[in-house]
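Residue strings, one per chain:
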Amino acid sequence: MKSLRQHLENLKADGKTLLVPYIMAGDHADGIAGLPKTIDFLAENGASAIEVGIPFSDPVADGPVIELAGIRSLKNGTTLRKVIDTLKTVKTDIPLVIMSYFNPIYKYGIEQFVNDLKATPVKGLILPDVPREHENMIAPFLTNTDIALVPLVTLTSIPERQAELVNGAEGFIYAVTVNGVTGADRDYRADLNQHLAKLAEISDAPVLAGFGVSSIAHVEKFRQAVDGVIVGSYIVKGLHEGKTAEIAEFLQKSSQI
Ligand SMILES: O=P(O)(O)OC[C@@H](O)[C@@H](O)c1c[nH]c2ccccc12
């Protein structure tokens with residue numbers, strides 16, 4: 001079993017709420033140099049894993065908060081190469097998961113990308129614009145590595161599709177809670193937890209809910225149906241505004257739920 005899944009399953013077996021904050025690499029006051037300390041900060045405050053975003057000019061699934069963070073990061077001169085070089089210097093016990101659109105990886109060289117990640121704590125990949133049908137562009141390079149491909153299951157995925165995506169999940173299942181882009185402050189549909197609980201039932205791998213999670217009440221709600229949550233916009237905005245105490249408190253409280 002790949003270590004991302006093992007790590008999350010161990011936490012789950014200890015009764016922990018799985019908590020995966022998302023950050024935009026390079027969106028720090030001191031540019032990419034600030035990435036290692038941001039990772040340390042999240043790890044110290046209870047993150048189970050950390051999703052590290054790669055900035056991209058056409059982020060089709062990103063809402064305004066993440067999109068602006070990407071623009072700031074690109075203005076800081078962040079490139080995929082700089083992110084990987086910086087991650088090579090990071091020492092952490094918790095797995096990192098790269099979230100990237102495919103284009104930067106394609107430009108970098110797919111095989112080279114996977115090879116270079118082996119010298120980093122990256123244990124998973126979320127590639128929102130690579131559907132299962134196209135996974136073979138990268139999956140063969142991951143076979144003999146400890147890097148898991150994390151599937152996104154959306155509300156519109158029909159049961160057959162869900163089963164297919166869940167089958168053989170190497171890390172965790174990313175259960176998308178809304179139809180639309182990332183971002184906090186949104187209404188969830190009334191039967192969302194039933195939908196999530198069904199997904200959790202058919203999945204052996206841990207299931208984490210993401211999109212719009214921005215309060216302790218959200219974490220408590222989703223915890224009734226799945227193993228944990230992914231929190232992006234709330235974290236990205238808070239860090240950008242320097243609200244570290246608030247973020248630390250949110251993470252600590254969430255991981256105790
Ligand atoms: O920001 P939110 O609503 O908390 O959602 C998480 C999200 O930001 C992060 O996982 C993410 C950022 N960009 C993405 C693109 C697709 C899927 C997921 C993402």
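Since the structure is predicted, the reported quantities are computational estimates derived from the model, not experimental observations.

Draft legend 1. Broad picture of the nonpolar core. Judged by nonpolar contacts, the single largest core of 86 residues is most densely connected at Phe113, Leu125, Ile138 and Phe172. Ranked by residues supplied to this core, first place goes to strand β1 (residues 18–24) with six residues. If sequence neighbours within four positions are ignored, Phe113 has contacts with Leu80, Ile84, Ile98, Ile105, Tyr108, Leu125 and Ile138.

Draft legend 2. Main features of the packing of helix α3 (residues 64–75) against helix α11 (residues 233–240). Running from amino to carboxyl end, α3 crosses α11 at an angle of 50 degrees, the nearest separation of the two axes being 9 Å. Taken as axis vectors, α3 and α11 run oblique relative to one another. Handedness of the crossing formed by α3 with α11: left-handed. Of the residues in α11, those in contact with Val65, Ile66, Ala69 and Arg72 of α3 are Ser233, Val236, Lys237 and His240. Here the contact of α3 with α11 is built from residues that sort into four nonpolar, two polar and two charged.

Draft legend 3. View of the UniProt feature "active site" (unreviewed entry) in the protein chain. UniProt's entry tags Glu51 and Asp62 with the feature "active site" (unreviewed entry), counted in the numbering of this structure. Assignment of secondary structure puts Glu51 in strand β2 (residues 50–53). Not counting chain neighbours up to four residues away, the residues in contact with Glu51 comprise Val20, Pro21, Tyr22, Ile23, Val97, Met99, Ile126, Tyr174 and Ile230. Within the secondary structure layout, Asp62 lies in the loop between β2 and α3.

Draft legend 4. Quick peek at the sheet that holds strand β8 (residues 207–210). Read from one edge to the other, the open sheet built from nine strands follows the order β5-β4-β3-β2-β1-β9-β8-β7-β6, with strand pairing classed as parallel. Across the chains shown, the open sheet's two edge strands, defined by having one partner strand only, are β5 (148–149) and β6 (152–153). As judged from the three bridges shared by β1 and β2, these two strands associate in the parallel manner. Within the sheet, the bridge partner assigned to Met24 lies in β2 and is Gly53.

Draft legend 5. Layout of the pairing of β1. Most of β1 sits inside the fold, with seven of its seven residues counted as buried. Residue alternation in β1 divides its side chains into two sets, Leu18, Val20, Tyr22 and Met24 and Leu19, Pro21 and Ile23, and both sets are buried. As paired elements, β1 and strand β9 (residues 228–231) share four bridges and run parallel to each other. Directly across from Leu19, in β9, lies its bridge partner Val229. Traced from β1 through helix α2 (residues 35–44) to β2, the parallel crossover comes out right-handed.

Draft legend 6. Spatial organisation of unusual backbone geometry. Look at Phe211: it is not a glycine, yet its phi comes out positive at around 100 degrees. Locating Phe211 in the fold gives a position in the loop between β8 and α10 (216–223). Classification of Phe211 by relative accessible area gives buried; the value is 11%.

Draft legend 7. How the structure looks around the pattern of salt bridges. Counted under the stated rule, the structure contains 13 salt bridges. Asp146 is paired through a salt bridge with Lys123; the nearest N and O atoms lie 3.5 Å apart. Taken as a pair, Asp146 in the loop between α7 (139–142) and β5 and Lys123 in strand β4 (residues 122–126) lie far apart in primary sequence, 23 residues in all. Among the residues examined, Lys123 registers a relative accessible area of 24% and is labelled partly exposed. Here the salt bridges do not stand alone but share partners, grouping Lys237, Glu241 and Lys243 into one network.

Draft legend 8. Structural view of the site of the ligand. Every one of the 17 residues lining the ligand counts as a neighbour, but Tyr174, Gly183, Gly212, Gly232 and Ser233 are closest to it. Looking at side-chain class alone, the shell around the ligand contains ten nonpolar, five polar and two charged residues.

Draft legend 9. Summary view of the packing of α2 against helix α4 (residues 80–87). Closest axis-to-axis distance for the α2/α4 pair is 9 Å, and the angle between their directions is 55 degrees. Classified by the angle their axes make, α2 and α4 are oblique. Judged by the twist between their axes, the crossing of α2 over α4 is right-handed. Across the interface between the two elements, Leu35, Pro36 and Ile39 from α2 touch Val83, Thr86 and Leu87 from α4.

Draft legend 10. Spotlight on helix α6 (residues 110–117). For α6, every residue scored as buried is listed here: Ile110, Phe113, Val114, Asp116 and Leu117. All buried residues of α6 project into a common sector of 165 degrees when viewed along the axis, lining one side. Buried residues along α6 sit against α4, β3 (96–99), α5 (102–108), β4 and α7.

So, how was this worked out
- Residues numbered from 1 in each chain as written.
- Predicted model: local features only at pLDDT ≥ 70, side-chain atom pairs only at ≥ 80, totals over all residues.
- Heavy atoms only, no water.
- Core = buried A, V, L, I, M, F, W, Y, C linked by side-chain atoms within 4.5 Å.
- Buried < 20%, exposed > 50% of the residue type's maximum accessible area, 1.4 Å probe, protein only.
- Helix = DSSP H or I, 4+ residues; strand = E, 2+ residues; numbered from the N terminus.
- Contact = heavy atoms within 4.5 Å.
- Axes fitted to C-alpha atoms, helices over the stretch in contact; angles between N-to-C directions.
- Parallel < 35°, antiparallel > 145°, perpendicular 65-115°, else oblique.
- Left-handed = near helix turned anticlockwise from the far one by under 90°.
- Nonpolar A, V, L, I, M, F, W, Y, C, P; charged D, E, K, R; others polar.
- UniProt positions renumbered as here; feature names shortened; annotations may be inferred.
- Pairing = 2+ DSSP bridges.
- Right-handed = clockwise from strand over helix to strand, strands pointing away.
- Salt bridge = Lys/Arg side-chain N within 4 Å of Asp/Glu carboxyl O.
- Near = heavy atom within 4 Å.
- Arc of directions from axis to C-beta.

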